[in-house]
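# Remarks on the overall topology
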Amino acid sequence: MCLGIPMQVTECGAGYAICDYNGALRRIDTMLVGDLAPGTWVLVFIDAAREVIAEEDAKRISDALFALETVMSGGTADIDHLFADIIENSATNRKDTL
């Protein structure tokens with residue numbers, strides 16, 4: 001399984017960008033998405049940007065990845081707030097079916 005990581009472009013060049021994820025910088029191939037401006041959010045798979053995403057989507061994906069990391073490391077912290085959008089949609093869908 002391959003997980004996409006949301007990263008923000010800090011600088012760019014022809015066919016690549018330097019992107020940040022939680023303070024870690026990586027050189028990312030941008031051939032699939034084209035040239036990017038600093039501040040742009042991208043979804044990265046194996047050091048290649050596959051999709052330009054909105055900042056809100058980057059936040060939701062980051063929250064989900066943090067929750068996954070917490071659970072996999074045996075953490076018992078409450079993670080429901082990290083899935084607020086899913087929980088809200090689920091509650092709305094239940095009301096619609098009643």
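Residues numbered from 1 in each chain as written. Predicted model: local features only at pLDDT ≥ 70, side-chain atom pairs only at ≥ 80, totals over all residues. Heavy atoms only, no water.

Scanning all chains against the criterion turns up zero aromatic pairs. Positioned over the ring face of Tyr 16 is Arg 27, at 3.8 Å from the centre of the ring. (Phe/Tyr/Trp six-rings, centres within 6.5 Å; stacked < 30°, edge-to-face > 60°. Lys NZ or Arg CZ within 6 Å of the ring centre and 35° of its normal.)

Before going further, it helps to spend a moment on the pairing of strand β4 (residues 41-45). Within β4, five of the five residues are buried, which leaves it mostly tucked inside the rest of the structure. Side chains of β4 alternate between two faces, with Trp 41, Leu 43 and Phe 45 and Val 42 and Val 44 buried alike. Where strand β1 (residues 5-13) and β4 come together, four bridges link them in antiparallel fashion. Looking at β4, one finds that Met 7 is bridged to Val 42. Strand direction decides the pairing type here: β4 and strand β5 (residues 48-53), joined by five bridges, are antiparallel. Considered in β5, the bridge of Val 44 is made with Ala 49. Between the antiparallel neighbours β4 and β5 lie two residues, among them Ile 46 with a positive phi of about 50°. (Buried < 20%, exposed > 50% of the residue type's maximum accessible area, 1.4 Å probe, protein only. Helix = DSSP H or I, 4+ residues; strand = E, 2+ residues; numbered from the N terminus. Pairing = 2+ DSSP bridges.)

When you line up the elements, Phe 45 lands in strand β4. Sequence separation of Phe 45 and Asp 29 is 16 residues, and the distance between their C-alpha atoms is 9.9 Å. Setting aside chain neighbours within four positions, we find Phe 45 in contact with Cys 2, Leu 3, Gly 4 and Arg 50. (Contact = heavy atoms within 4.5 Å.)

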